[in-house]
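# Coordinate inspection notes
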Amino acid sequence: MSDDIRILAVDDSKSTLEVLKRNLLPEGYEVYTCERVDEALPLLEELDIDLVITDYRMPQATGLDLIKHVRGNHPDMEIMMITGYPSIPGAVEAIKDGAGEYLAKPFTTEELLSAVERIVSRLQQRRVFSTPDTPPDNFGIIGNSPEMARVFRRIGKAAASDANVLISGQSGTGKELVARAVHYNSDRRSASFVPVNCTAIPDSLVESELFGHVKGAFTGAKEARAGFFEIAHGGSIFLDEIGDASPNMQAKLLRVIQAKEFTKVGSSRVHRVDTRILAATHKDLKQMVAEGTFREDLFYRINVVDITVPALCERGDDILLLINYFLTKFSKGMHRTPPGLSDEVLHALQRHPWPGNVRELENLIQKLVVIVDHDPIEITDLPDAMRFSLPREGNVSRTLAEVEYEHIRNVLSMTRDNKTRAAEVLGINRKTLREKLKRMEEFGGGEE
Ligand SMILES: Nc1ncnc2c1ncn2[C@@H]1O[C@H](COP(=O)(O)OP(=O)(O)O)[C@@H](O)[C@H]1O
Ligand SMILES: [Mg+2]
């Protein structure tokens, strides 16, 4: 993750520089520091820096001066601004001038690390995308199956247009990766990609989070604050889990999408905004529209291009590519050679239904790489639940009904009990599936 990332931190406060070092070094980043902008400039040239973290206020040249220099001379460098004063307007200015992220002092370790991680993932995506001549290899997304080829074609089309995009798929299938790929391959790539988790915003804060507020707009609004749409101006806003947006939030989103303008809480000034909407959900929005829980007008606004990301178990041998990719990635992070997998382990992984999709696979491989210290990884290293659900190898005494029952159960777990999808996967109609399930229950097979 933090492979080969070089960070230069510029701040006139020694203690902030120490905090940055103390938190970033253990994550594997290379960190250089200096206390003045004029000292920073030659280091940018010499050290091949990837990310500049800069204070806003400094005695001589300020953070904004540094940003302007970096933007003009090192367009590929990422910038993060730290603001010490109640200087949110400064932060907004910084973002407009090209800082990718900003952090207000004092910040927690988590806030720092997650801001840096966001930037690093952008850097890595950009590296993949900008490999000269060769077209971006599937946008840095792993997969060779026809199902994923369809997704990559869609990403290409979406990136070339400026239309809003709805990305559907179970959780952990890579929807956010898809959204980033669209943004970083579009004409908006040099402006911000702003992720917004619709489930995380309490209803009472929707307006101020989306559109910002002015100083004194409400009790507790001690300072002015920029909203997500303002930060996404010129770029893309990623509305994650849009199926969970409250009716109030849906109404606010519809308005800003239609009118392309908004007002901040506590102000009547109208701000124009130009941003592309990328939305994602694991829910069936069409069905929600039919049930009246999702606004139809909003659905049509966001569902101009739709991209459906398939579940992991629909991608055939892609799972092998992903296993290799994660083994290599996590081993590299620990400076180890990737371990092998025994045949039994490989079979178990291929048979597992992966309800958590790629995220579940990624977490498992990471755990195995960290915990297991022998090579190859053996079946006994897998979590119990995965080992014990294995069909007994070479057991040929099971009846056809037993095998059928087990397969149906696996498919249902993969489709999260969606019977229509399960019937599709099984190649039978819903009625047949219903009858089989009923029979299974009658014969006592329905219990775990
Ligand atoms: N095809 C893929 N290739 C590489 N990594 C993937 C792929 N799909 C998902 N991932 C990884 O799996 C995790 C979950 O992906 P994410 O985009 O957050 O899923 P979602 O938004 O659908 O829940 C992330 O760490 C992501 O990098
Ligand atoms: Mg997600």
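Source: prediction; values computed, not measured.

## Re the site of ligand 1
Of all residues adjacent to ligand 1, which total 17 residues, the nearest are Ile142, Gly172, Lys175, Arg359 and Glu362. A distance of 3.1 Å separates an oxygen atom of ligand 1 from a polar backbone atom of Gly174. A distance of 2.9 Å is found between an oxygen atom of ligand 1 and a side-chain nitrogen or oxygen belonging to Arg359. Notes on ligand 1: free accessible area 560 Å², of which the protein chains cover 85%. Of the residues in the shell around ligand 1, the class split is 7 nonpolar, 5 polar and 5 charged. Here the shell around ligand 1 spans two domains, and each of domain 2 (144–310) and domain 3 (313–388) adds at least three residues to it.

## So, the nonpolar core
Core analysis: the largest hydrophobic core is formed by 34 residues, its most contacted members being Phe229, Ile237, Leu239, Ile242, Leu253, Phe294 and Ile302. Counting residues per element, this core draws most heavily on helix α10 (residues 247–259), at 5 residues. What Ile242 contacts, discounting residues up to four positions off in sequence, is Leu166, Cys198, Leu253, Ala279, Ala280, Thr281, Leu285, Phe294 and Ile302. Listed in part, the 23 residues of the second largest apolar core include Ile319, Ala348, Trp354 and Met386.

## Here we look at the packing of aromatic side chains
In this structure the tally under the stated criterion is 8 aromatic pairs. Centroid distance Tyr184 to Phe193: 6.4 Å. Interplanar angle 35 degrees. Geometry classified as tilted. The exposure classification of Tyr184 matches that of Phe193, with both residues buried. Judged by centre distance (5.3 Å) and plane angle (65 degrees), the rings of Phe299 and Tyr300 are edge-to-face. By relative accessible area, which is 52% here, Tyr300 ends up exposed.

## Concerning the sheet that holds strand β4 (residues 78–83)
Strand order across the open sheet formed by 5 strands is β2-β1-β3-β4-β5, with parallel pairing between neighbours. Of all the strands in the sheet, just β2 (30–34) and β5 (101–104) have a single pairing partner and so form its edges. Averaged over all neighbouring strand pairs, the angle between strand axes comes to 20 degrees, with direction disregarded. Both strand β1 (residues 6–10) and β2 contribute to a ladder of 5 bridges, which runs parallel. Within β2, the residue paired with Val10 across the bridge is Cys34. Helix α1 (residues 14–24) contacts β1, β2, β3 (51–55) and β4 of the sheet and is inclined by roughly 175 degrees relative to β2. Of the strands in this sheet, β1, β3 and β4 are in contact with helix α3 (residues 63–73), which crosses β4 at around 175 degrees.

## What to know about the packing of helix α13 (residues 318–333) against helix α15 (residues 357–371)
Close contact between α13 and α15 brings their axes to 9 Å; oriented N to C, the two are set at 45 degrees. Taken together, the axes of α13 and α15 are oblique relative to one another. Of the two elements, α13 crosses α15, and the hand of that crossing is right-handed. Residues Ile319, Leu322, Ile323, Phe326, Leu327, Lys329, Phe330 and Ser331 of α13 touch α15, and the partners they reach there are Val358, Leu361, Glu362, Ile365, Gln366 and Val369. For the contact of α13 with α15, the residue count by class is 10 nonpolar, 2 polar and 2 charged.

## Brief notes about the environment of Ser413
Relative to the helices and strands, Ser413 resides in helix α17 (residues 400–414). Each C-alpha atom, one on Ser413 and one on Pro355, is 6.7 Å from the other, the two residues being 58 residues apart in sequence. The contact partners of Ser413, leaving out residues within four places of it in the chain, are Pro353 and Pro355.

## Re the environment of Asp381
Tracing the sequence through the fold places Asp381 in the loop between α15 and α16 (384–388). On the accessibility criterion, Asp381 (22% relative accessible area) is partly exposed. Distance in space between the C-alpha atoms of Asp381 and Ile371 is 8.9 Å, their sequence separation being 10 residues. Only 2.8 Å separates the side chain of Asp381 from the side chain of His374, close enough to count as a polar contact. Separated by 2.7 Å, the side chain of Asp381 and the backbone nitrogen of Glu378 make a polar contact.

Quick notes on the rules
Residues numbered from 1 in each chain as written. Chains lettered and ligands numbered in written order. Predicted model: local features only at pLDDT ≥ 70, side-chain atom pairs only at ≥ 80, totals over all residues. Heavy atoms only, no water. Near = heavy atom within 4 Å. Polar contact = N/O pair within 3.5 Å; in protein donor to acceptor, adjacent residues only side chain to side chain. Areas by Shrake-Rupley, 256 points an atom, 1.4 Å probe, with all protein chains shown as cover. Nonpolar A, V, L, I, M, F, W, Y, C, P; charged D, E, K, R; others polar. Domains from an automatic or database assignment. Core = buried A, V, L, I, M, F, W, Y, C linked by side-chain atoms within 4.5 Å. Buried < 20%, exposed > 50% of the residue type's maximum accessible area, 1.4 Å probe, protein only. Helix = DSSP H or I, 4+ residues; strand = E, 2+ residues; numbered from the N terminus. Contact = heavy atoms within 4.5 Å. Phe/Tyr/Trp six-rings, centres within 6.5 Å; stacked < 30°, edge-to-face > 60°. Pairing = 2+ DSSP bridges. Axes fitted to C-alpha atoms, helices over the stretch in contact; angles between N-to-C directions. Parallel < 35°, antiparallel > 145°, perpendicular 65-115°, else oblique. Left-handed = near helix turned anticlockwise from the far one by under 90°.

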